[in-house]
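This is what each chain is made of:
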Amino acid sequence: MTQKLYNPSQKVIEKAHIKDWNKLNESAQADPEQFWTGMADELHWHKKWDKYIDDTNAPFYKFFVGAQTNITYNCLDVHLTTANRNKIAYIWESEQGETKSVSYFALHREVSKFSNVLKSFGVKKGDRVTIYMGRVMEQVIAMLACARIGAVHSVVYGGFSTEALHERIENSQSKVLITCDGSYQRGKVVELKKIANEAADRSGYVDTIICVQRVKNEVEMVAGRDHWYHKLMEMPIASSKCEAEILDAEDPLFMLYTSGTTGKPKAILHTHGGYMVGTYTSLKYVFDIHDEDRYWCAADPGWITGHSYIVYGPLLNGATSMIYEGAPNFPYPDRWWSIVEKYGINILYTAPTAIRGLMRYGDAWPRRHDLSSLRLLGSVGEPINPEAWRWYYETIGNSECPIMDTWWQTETGMFMITPMPSVPLKPGSGTRPFPGILMDILDDDGNPVANGEEGNLVIKNPWPSMMRTIYGDDERYKTQYWSKYPGYYLTGDSAKRDEDGYYWVIGRVDDVIKVSGYRLGTAEIESALVSHPSVAEAAAIGMPHELKGNAIYTYVILVNGVNPTEELKLELTQHVGKEVGPIAKPQSVEFIDSLPKTRSGKIMRRVLKAKALGEDPGNISTLDD
Ligand code: PRX
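Residues numbered from 1 in each chain as written. Predicted model: local features only at pLDDT ≥ 70, side-chain atom pairs only at ≥ 80, totals over all residues. Heavy atoms only, no water.

### Focus: the overall build of the protein
Working step 1: When you go through the protein residue by residue, the secondary structure sums to 19 helices and 30 strands.
Working step 2: The C-alpha radius of gyration computed for the protein amounts to 24 Å, which stays within 12% of the reference 25 Å derived for 625 residues, consistent with globular compactness.
Working step 3: Taken over the C-alpha atoms alone, the protein extends approximately 70 × 65 × 60 Å along its principal axes.
Working step 4: Sequence-distant contacts, at least 24 apart, represent 72% of the contacts inside the protein between residues at least 6 apart.
Working step 5: Of the roughly 23700 Å² of accessible surface on the protein, a fraction of 48% belongs to carbon and sulfur atoms.
Working step 6: When the 67 basic and 79 acidic side-chain charges of the protein are each reduced to a single mean position, those positions are 3 Å apart. (Helix = DSSP H or I, 4+ residues; strand = E, 2+ residues; numbered from the N terminus. Rg over C-alpha atoms; globule rule 2.2 N^0.38 Å. Contact = heavy atoms within 4.5 Å. Areas by Shrake-Rupley, 256 points an atom, 1.4 Å probe, with all protein chains shown as cover. Lys, Arg positive; Asp, Glu negative; His and termini not counted. Charge placed at Lys NZ, Arg CZ, Asp CG, Glu CD.)

Printed below as a string of structure tokens:
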């Protein structure tokens, strides 16, 4: 693991907020409380905290105890009295090339108006609101409007389908659903309202759907239940005066579903106070946000990366962000590079899968564009392979822009292992834990592993932006994250550390599959397959894939008497796409007669995987048959 170090250029170090990472790190590791409260002091609080942490009911930690705030006050209101008032908050470009920009003043106004619209439908503090939209400005506005009035947003990624959306509406008991008529993806319309209708019809909860008109397709609007966003925003109820609800630091901000080891997706709950401090600090230091920067996180607001680093982190820092609606290679493979050039993007944050996807088109596409505005690059979602790292670094960054390979999770709220601009890099390593975060790698008995050995990645101390619980399932929160090593947070990832203290994350050790950086549970794919009338049992595994990182392979036992045809394989693939979403479509469906199981009936996916890879399945003493 000893490798060439890539040292940051002088240009980058000179500009960086933090020049001596080691010094900051040492003091923050020695006294996390001092570090975090110092950062919290840079934000506005309606009332300051009495205590930094309450750990009396661990692992249900509380931070900034007794403080009052509202994250949107710091995202919007504080900027209205500074030079940021007229600064661009977001530049938005559609797949077809239409553009829009919105200043902090205008965003504050739109959010306030929509907050009043939500109030007029009876939405109040603590209510959950589901948001299921494409990558449009209104998605950000809807999230902020919920937060402003103390409602809890639950954003469901616009690539999910009916059953996935339905399940999340049911679990969150959302009465209000905000959606779009459709969204664009590679020139085609994704019919979001149709899926929203199907999901709402399956659910007993939704009594209001607010629909943004984006693609102007023919959609069914149910009288009394469905309303057009633009019509509501023209009505007197949409007054532009709506003060932010003053909330307790621990009041919930949002829930976001993610896939876990077993069963249904779980809703990770984040709060106003701690999450605000974590996202503000991490973005400021890692992507080194300066007033004049144009920053582009090319994720979807519907995932944690978008929540933390398109919506909240950038606004808290008063940044100018780019949002691009469509596919990176539409209409040509240089779409992203043309955006970097056109808007003078300084910081670009994306995922290894996107880098690999663009790399395969060759260097000529990026070379057509002046990418010299770039100063920092970022990567997230899965380990980045050294070949993609080097291409990103050399071809996109002209060997001058350090890559911030940020390791974190929906649960952590913010970057946990990450370089900073001044830290020497090794391709494929996120370097070291963020200041104030104590991590380790343990064997199954809880002993730290030696350098170079693989083990379970854990976090040893609570941090402000950590999840507070799984919504409605405190027990699962405790058992899933805190039971293997009492007092330590279990990440579910395996990792190694090298002799320089650099961390190398290898991947998930549980039944979570990362497909193109998207997190999917084997259980979700399997239950979608089993919901098809021809399927008796199913198993899903992740197999290495050059572009996507992992691809989904499935094994299906058919109901007696059903013919195992090629058509049926295709039908099952489509069925998973329809129930969960196109990202969950298996790459392969294989019909088999039995599945390897333990005596207690658990599917041994590692045996299936070893077989598919042609490897030795290892210890199979617990195999039933
Ligand atoms: O396995 C790790 C991988 O993504 C998981 C978290 O997924 P999710 O909650 O969807 O959040 C993704 C965006 C923050 C982790 O458990 N992962 C994320 N970033 C990296 C990574 N693996 C290696 N390197 C990374 N930089």
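### Considering helix H15 (residues 386-396)
Working step 1: Those residues of H15 that fall on the buried side of the exposure criterion are Ala388, Trp389, Trp391, Tyr392, Tyr393, Thr395 and Ile396.
Working step 2: Tucked into the core, H15 has its buried residues touching helix H12 (335-343), strand S18 (347-350), helix H13 (352-359), helix H14 (364-367), strand S19 (376-379) and strand S20 (403-405).
Working step 3: Just downstream of H15, asparagine 398 is the residue with a positive phi angle, here 50 degrees. (Buried < 20%, exposed > 50% of the residue type's maximum accessible area, 1.4 Å probe, protein only.)

### A few points about the site of the ligand
Working step 1: The local shell around the ligand holds 17 residues, among which Asp405, Thr406, Thr410, Lys514 and Arg519 are the closest.
Working step 2: One of the backbone N or O atoms of glycine 381 is found 3.0 Å from a nitrogen atom in the ligand.
Working step 3: Contact distances for the ligand include 2.8 Å between an oxygen atom and a side-chain N or O atom of arginine 508.
Working step 4: Put simply, the parts of the chain that give the shell around the ligand at least two residues each are helix H11 (304-316) and strand S25 (503-508).
Working step 5: Within the shell around the ligand, the residues separate by chemical class into 6 nonpolar, 5 polar and 6 charged. (Near = heavy atom within 4 Å. Polar contact = N/O pair within 3.5 Å; in protein donor to acceptor, adjacent residues only side chain to side chain. Nonpolar A, V, L, I, M, F, W, Y, C, P; charged D, E, K, R; others polar.)

### Thoughts on the environment of glutamate 243
Working step 1: Structurally, the position occupied by glutamate 243 is in the loop between helix H9 (229-234) and strand S13 (247-248).
Working step 2: Separated by 88 residues in the primary sequence, glutamate 243 and valine 155 have C-alpha atoms spaced 23 Å apart.

### Section: the pairing of strand S14 (residues 252-258)
On a regular strand, each side chain points to the face opposite its neighbour's, so the side chains alternate between the two faces of the sheet.
Working step 1: Burial analysis of S14 places 6 of its 7 residues in the buried class, which makes it a mostly covered element.
Working step 2: Where strand S7 (residues 152-155) meets S14, 2 bridges bridge the pair, whose relative direction is parallel. Bridging from a neighbouring strand, serine 154 pairs with methionine 255 of S14. (Pairing = 2+ DSSP bridges.)

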